[in-house]
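Here are the chains, one letter per residue:
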Amino acid sequence: MPAARRMVVVGGDAAGMTAASQARRLRGPDELEIVAFERGDFTSYSACGIPYWIGGDVGERDALIARTPQEHRERGIDLRTRTEVTAIDADGGRVRARELPRDAPPGPEFWTGFDDLVIATGARPRRPRLPGIDAEGVHGVQSLEDGQAVLDDLDASQGRRRTGPGNGGTRKAVVVGAGYIGVEMAEALLLRGFGVTVLEGAPQPMTTLDPDMGELVRDAMCGMGMEVVTGAPVTAVETGQGGRVRAVTTEEATYPADVVVLGLGVAPETSLARESGLPLGESGGLLTDLAMRVRGRENIWAGGDCVEVLDLISGRTRHIALGTHANKHGQVIGANVGGGYATFPGVVGTAVSKVCDLEIARTGLLEEQAQEVGLQFVTVTAEATSRAGYFPGSRPMRVKMLAERGTGRLLGTQIVGREGAGKRVDIAAVALTAGMSVEQMTYLDLGYAPPFSPVWDPVLVAARKAAAAVSR
Ligand SMILES: Cc1cc2nc3c(=O)[nH]c(=O)nc-3n(C[C@H](O)[C@H](O)[C@H](O)COP(=O)(O)OP(=O)(O)OC[C@H]3O[C@@H](n4cnc5c(N)ncnc54)[C@H](O)[C@@H]3O)c2cc1C
């Protein structure tokens, strides 16, 4: 007997399969049929782990797969891998799809009807149309297939070791883009024994930080032996024998490269949604309500990297492509399609990453973002240590804090430092979510013992400074 309703999911990773799995937990196959289409071979994989797999911290690809297609099928989800959705008929309640057999042309298109549709198509890596950009040896790192291609290329490049004058035989890697994926890949390539150059068009690495904090990242990366060139948009990729990458050029210089990794950020993958007339925001992400229902559509849901999220501090919608959000969106969608009720309240803009032993974290607004929304604010920075100063292994960190003039409301926090720095940003993330003032933060009852922090945690030191600045 057919199920009473059919849920169709487009995209088989974090948002899509979390939604499918949660709905399945709430509704059995006799009540809800779940059909999920995934263009690739893998489901529920962690792209977040790719840099650590390439760098060698994670031993094998399969460790990054939380649930295989077969495991989803065993849980009652009709999962169709290598099947691409090519159109959404939002009014007609159906999607068009086709199979993508390996080494063969795409199969015929077919339509599948839905009662509920979940759009979880993720994001598309930016790849500027530059001469040579598609040359052999130029890689993205969006999918597990990309990660495997990078690893294969790194192994093969052993045999292509440079022998020219002045390079000491070191293999050269150029990373284009110094956002968090770029710096994580720079670390991975350094660990793989490459000489690493990072080229960034902006004046600083990590534009998710204020310039002064970004400079700390640059200094640390240079101290690790990387070359970091900012204000240097790439103009072309030069190729050599057999069309393989040989160098990357900017207006000012040419950088030899045996391998190139692109980390230029992503844009929401919403081409199908656009064609079907669904509402998109300024960054091209789908607009949803708090239940993750596409605005104006009763039975179409969207989550993950293809949507814009509400920034709780600025009150604006923004596109922030993070797995932490995608999983939560999927959970909310699954609960709602499964007959429950859940909402995703929005984000405060928290992110953490690292390059070698340097930890980089932010939450809330940067100075520029606070100015954009017309907030009056004070800014303080505090230099502190990860443990009691006398305790072995204590490492320095800088905490920058923004607080609203007058009210003292915390607006944002950035932290750059060594071990123990990054996850401290979560204290500020909770304070932001709770709408706390920096004065209130000063007396937060955080854990203290010398191996974990100084008696005044670095975040509280910054909060004290901010509270003093606000009251001046
Ligand atoms: C190298 C790297 C490191 C990262 N590190 C972090 C991190 O440390 N922390 C963090 O929070 N986030 C991180 N992220 C981001 C995180 O991986 C994404 O935010 C998350 O994967 C988004 O999940 P999603 O389900 O929305 O989209 P995706 O994971 O992009 O999945 C979308 C899926 O939809 C499929 N699809 C798209 N269109 C169609 C179609 N028409 N038909 C069928 N299938 C389709 C795609 O093949 C894809 O599998 C990282 C990303 C990368 C690339």
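Residues numbered from 1 in each chain as written. Predicted model: local features only at pLDDT ≥ 70, side-chain atom pairs only at ≥ 80, totals over all residues. Heavy atoms only, no water.

### Observations regarding the site of the ligand
Neighbouring residues of the ligand: 32 residues in total, closest Asp-13, Glu-38, Tyr-45, Asp-305 and Gly-323. Ala-14 is positioned with one of its backbone polar atoms (N or O) 3.2 Å from an oxygen atom of the ligand. Contacts to the ligand include Ala-15, whose backbone N or O atom sits 2.9 Å from an oxygen atom. The set of elements that each furnish at least two residues to the shell around the ligand consists of α1 (14-26), β4 (83-89), α5 (180-191) and α8 (323-337). Residues that form the shell around the ligand fall into these classes: 18 nonpolar, nine polar and five charged. (Near = heavy atom within 4 Å. Polar contact = N/O pair within 3.5 Å; in protein donor to acceptor, adjacent residues only side chain to side chain. Helix = DSSP H or I, 4+ residues; strand = E, 2+ residues; numbered from the N terminus. Nonpolar A, V, L, I, M, F, W, Y, C, P; charged D, E, K, R; others polar.)

### Brief notes about the nonpolar core
The biggest cluster of nonpolar side chains holds 46 residues, and the ones touching the most others in it are Met-7, Leu-117, Ile-119 and Leu-286. By residue number, the principal contributor to this core is strand β2 (residues 32-37), which donates five residues. In this structure, Leu-117 is in contact with Val-8, Val-10, Ile-88, Val-95, Asn-299, Ile-300 and Trp-301, ignoring residues within four places of it in sequence. Ranked by size, the runner-up nonpolar core spans 39 residues in total, among them Leu-209, Ala-220, Met-224 and Val-261. (Core = buried A, V, L, I, M, F, W, Y, C linked by side-chain atoms within 4.5 Å. Buried < 20%, exposed > 50% of the residue type's maximum accessible area, 1.4 Å probe, protein only. Contact = heavy atoms within 4.5 Å.)

### Quick notes on unusual backbone geometry
Positive phi outside glycine occurs at Asp-103, with the angle close to 55 degrees. On the secondary structure map, Asp-103 appears in the loop between β5 (94-99) and β6 (110-113). Take Asp-103: its relative accessible area is 80%, and that puts it in the exposed class.

### Observations regarding the sheet that holds β5
Across the sheet, three strands lie side by side as β4-β5-β6; this open sheet has antiparallel pairing. The outermost strands of the open sheet, each flanked by one partner alone, are β4 and β6. The sheet shows a mean angle of 35 degrees between the axes of neighbouring strands, direction not considered. In terms of strand pairing, β5 meets β6 through four bridges, oriented antiparallel. Along β6, the bridge assignment pairs Ala-97 with Phe-110. (Pairing = 2+ DSSP bridges. Axes fitted to C-alpha atoms, helices over the stretch in contact; angles between N-to-C directions.)

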